[in-house]
Structures are given as C-alpha cells and as structure tokens.
Amino acid sequence: MTYRSRTLAALCAALASASLLAACGSSSSSSGGSGKPATLKVGVIPIADVAPLYVGMKQGFFKQQKLTIQPKIANGGPEIVTATVSGDDDIGFSNTTSLIIAGSKNIPLQIVTQGVLGAKKASPDQAWDAVLVKKGSPIKSPKDLEGKTIAVNSLNNVGPLTINTALKKAGADYKKVKYLEVPFPDVNAALKAGRVDAAWVVEPFVSQGLAQGSKPVLFPYEQTSPSLTVANYFATKQYIAQNKDVVQRFAKAMNKSLEYAQSHPEAVRAAVPTYTKIPAAAAKKIKLPQWQADLNRPTIDLTANLAQQYGYIKSKPNLDDLIWKP
C-alpha cells in the first residue's frame, strides 16, 4: 500500500470515528465558554513556515486570548490532516493542496487562518523553496530533470503540484519525472548520498543544502504563482462548531502572530532553532517566507485547479465551504 493509500485509509477511519463522536454528542476537552482558558494541540512541521506560531507564543499573543498552545511535530500535511480529523490534534497546519484534496473527499475540514505564502519572485535571493541538485551534478536546467528522481516530503501533494507546474512553464515534461517520498530533515542527506537526483526542500533545508554545495534548478512555489498561499491552519467543522469562541480567539492570536512575524524577522530567526535542528547561526542566514493575515484566495483557487489538472482530485471542493467565515 502506498503512502497516499495509507493516508486516505487513515482519513476514512478517522472520519468515521469523528462521525461517531458527533453522534454521541461529545465535545473537545479544550472546549470552553467565552474567554475561558483552553489548551490547543496544534499539528505542525519542523520548518520555517510555522515560525509565527512559536513567535506568537513567545510574544504572549495566545496567552492574551487565554490559550495555551501545544505544538505537535509531524512529517507532512497529510499526516496532520489525519491527526486533526481523528481528534488527536485540535488545530492543524497543512499545505493548501492537502486541504483541497480532503475537501474534495467531503472530509469536514475548514481553513481557519492563513499559514504561509511563497515569495514574491522566483529568484535565489527571495525564494525559500527550491529543487536542488548536488555539487557536480550534470543537471543544469529544468529540462535535465526529465527521467530523473526528485525527493519530496509527500507524494501527490504540494511539492509535486508546484514542481510539475514549474517544469511545464520551463518547457520540460513533468510526466517524465519520478518522485520519491523523503521527510524534509532527511532530504539533503539523501541527495548527497545519491539516493535521488534532485531534492525539493523548503527553509531551513534550502540553506542547509546550499551550504553543502547544492545548486537550485527550480523555485516551484514562486514559479507557480507569486505570493502563493502555500499552507493554512485548519480545524474540523465539528471542532469549530463545538468550540466557536476558542477558534475565534485562536484566529485572532494567529493573525496577529503572522503580521508580527512578517515585520520582525529577528524574532523569527530566534524561534526557528527552538523547534528545528538548525543551529542559531544558520537560522540567521535563511531566506524567510512571507506571512500575512489575508488568505490570498485567488492562489487557493489556482491550487484547486492544478490539483484537478494533475489528477489529485476528481472534482474541486466548494471553496466557500472549505474556508471558515468567523
């Protein structure tokens, strides 16, 4: 069984469990009335994208809303979707592609806030994601990736979706590329060892790879769309219905954290080493993502169109239903 098949099976099981809980009238342990203290388990990935969550915790933005955040580390968006649907996580951070796939299968999730955006331009000085090849590789251009294997953290997801799009725009045949699933923390080692021909990474692993002599050949997020909405924070419809006040307070604190992180890069660089393995000295040099409270809805629409185009979904979900309205 492939990773995607296992994930979908787990999602179905989690969905069934969630439905049974709803039928029994259960409620979350962190539920509370207006202004009551609540503890939220938030599923995240150990990458720079989620720095605003930790910055907001450090700055006391969640405490101001009487919320205690317990981050839970996972390998990728699909894993977090499964954990959130099953109730192991209250809030999840997942790429937009995973959420669109879930929505297309009528899994009752809703985007609560913005998570992270790609850079404004596909340039080495701005892009914080890249497809890298190791030092001395014969691969010099996107066309050279045809017939090669690229490491991604999740199959049939945001990595392949944006890489396919970047390859098409560069005149390369994305159908001739093979993808191999490798967790982000292990990607640069896999590239260096020759397990893969190229590797898709995001910060802090882009800077890590460049420090090892690797070279970029694609900037998938930015080549797909400037300021692409890459990921979001989300919750199940059931959790939102039973914890409206808590979700409202989380969104308020998270939006404040996103805007603060964008205007205080030094706070982000200080936070990254606290939840990743990257040294503080390296964190000072990484290229930071963009953060804002606005969802940039047009790029979410674009992701849904691409997911359907590449066969990740049969039909697009209703985005008005997928996006929570406070």
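Residues numbered from 1 in each chain as written. Predicted model: local features only at pLDDT ≥ 70, side-chain atom pairs only at ≥ 80, totals over all residues. Heavy atoms only, no water.

## Here we look at the overall build of the chain
Along its length, the chain carries 15 helices and 10 strands. The proportion of buried residues among the 326 residues of the chain is 56%. Taking the intrachain contacts of the chain between residues at least 6 apart in sequence as the baseline, contacts between residues at least 24 apart amount to 80%. For the chain, the computed accessible surface area is about 13,500 Å², with 53% contributed by carbon and sulfur atoms. (Helix = DSSP H or I, 4+ residues; strand = E, 2+ residues; numbered from the N terminus. Buried < 20%, exposed > 50% of the residue type's maximum accessible area, 1.4 Å probe, protein only. Contact = heavy atoms within 4.5 Å. Areas by Shrake-Rupley, 256 points an atom, 1.4 Å probe, with all protein chains shown as cover.)

## Looking at the packing of helix α11 (residues 244-263) against helix α12 (residues 265-275)
For the pair α11 and α12, interaxial distance at closest approach is 5 Å and the crossing angle is 105°. Between α11 and α12, the interaxial angle falls into the category roughly perpendicular. Along the contact surface, α11 presents Tyr260, Ala261, Gln262 and Ser263, while α12 presents Pro265, Ala267 and Val268. Residue composition of the contact of α11 with α12, by class: five nonpolar, two polar and no charged. (Axes fitted to C-alpha atoms, helices over the stretch in contact; angles between N-to-C directions. Parallel < 35°, antiparallel > 145°, perpendicular 65-115°, else oblique. Nonpolar A, V, L, I, M, F, W, Y, C, P; charged D, E, K, R; others polar.)

## So, α12
For α12, the set of buried residues is Ala267, Val268, Ala271, Val272 and Tyr275. Down the axis of α12, the buried side of the element spans an arc of 140°, and every buried residue falls inside it. Facing away from the buried side of α12 by more than 90 degrees, the exposed set consists of Glu266 and Ala270. Against the buried residues of α12 lie α2 (51-59), α11 and α13 (280-283). (Arc of directions from axis to C-beta.)

## With respect to the sheet that holds strand β4 (residues 109-117)
Taken in spatial order, the five strands make up an open sheet running β2-β1-β3-β10-β4, and their pairing is mixed. With one partner strand each, in any of the chains shown, β2 (67-73) and β4 form the two edges of the open sheet. In this sheet, neighbouring strand axes are inclined to one another by 25° on average, regardless of whether the strands run parallel or antiparallel. Pairing analysis gives seven bridges linking β4 to strand β10 (residues 229-236), with the strands arranged antiparallel. Each bridged residue has a counterpart across the sheet, and for Val116 the counterpart in β10 is Ala231. The sheet contacts of helix α4 (residues 77-86) involve β1 (38-44), β3 (91-95), β4 and β10, and relative to β3 the element is tilted by about 155°. (Pairing = 2+ DSSP bridges.)

## Things to note about the environment of Glu203
The residue Glu203 is located in the loop between β8 (198-202) and α8 (205-211) in this model. For Glu203, a relative accessible area of 0% puts it in the buried group. Placed 83 residues apart in sequence, Glu203 and Ile286 show a C-alpha to C-alpha distance of 6.6 Å. Those residues within four positions of Glu203 in sequence are excluded, and the remaining contacts are Ile47, Ala48, Asp49, Trp128, Ile286 and Lys287.

## Some words on the pairing of strand β6 (residues 149-152)
The alternating pattern of β6 places Thr149 and Ala151 and Ile150 and Val152 on opposite faces, both of which are buried. In the sheet, β6 pairs with strand β7 (residues 178-181) via four bridges, with the strands oriented parallel. Paired with Val152 across the bridge in β7 is Glu181. Taken together, β6, helix α6 (residues 158-169) and β7 constitute a β-α-β crossover, and its handedness is right-handed. For β6 and β8, the ladder comprises two bridges, and the chain directions are parallel. (Right-handed = clockwise from strand over helix to strand, strands pointing away.)

## Observations concerning the pairing of β1
With five of its seven residues buried, β1 lies for the most part within the structure. By the bridge criterion, seven bridges tie β1 to β2 in an arrangement that is parallel. Residue pairing for β2: Lys41 is matched across the bridge by Gln70. Bridge analysis of β1 against β3 gives two bridges, and the strand direction is parallel. In the strand pairing of β3, Gly43 is matched with Gly92.

## A look at the nonpolar core
In this structure, Leu53, Leu145, Trp200 and Phe250 are the most contacted members of the largest nonpolar core, which totals 107 residues. Per-element tally for this core: the top contributor is α11, with eight residues. Filtering out sequence-adjacent residues up to four positions away, Phe250 remains in contact with Leu40, Val42, Leu53, Phe62, Leu67, Ile69, Ile91, Val112 and Tyr233. (Core = buried A, V, L, I, M, F, W, Y, C linked by side-chain atoms within 4.5 Å.)

## Quick look at the pattern of salt bridges
In the structure shown here, the tally under the stated rule is seven salt bridges. Between Asp89 and Lys72 there is a salt bridge whose closest N-O contact spans 2.9 Å. In this pair, Asp89 is assigned in the loop between α4 and β3 and Lys72 in strand β2, connecting sequence segments 17 residues apart. Given a relative accessible area of 32%, Lys72 falls into the partly exposed group. Put simply, Arg297, Asp301 and Asp320 are held in one network by salt bridges that share partners. (Salt bridge = Lys/Arg side-chain N within 4 Å of Asp/Glu carboxyl O.)

## Quick notes on the confidence of the model for the chain
Here the chain shows a mean pLDDT of 90. Residues at 70 or above account for 90%. Contacts from residues 13-33, a stretch scored under 50 in pLDDT, to residues over four places away or in other chains number 33 contacts. (pLDDT = per-residue confidence, 0-100.)

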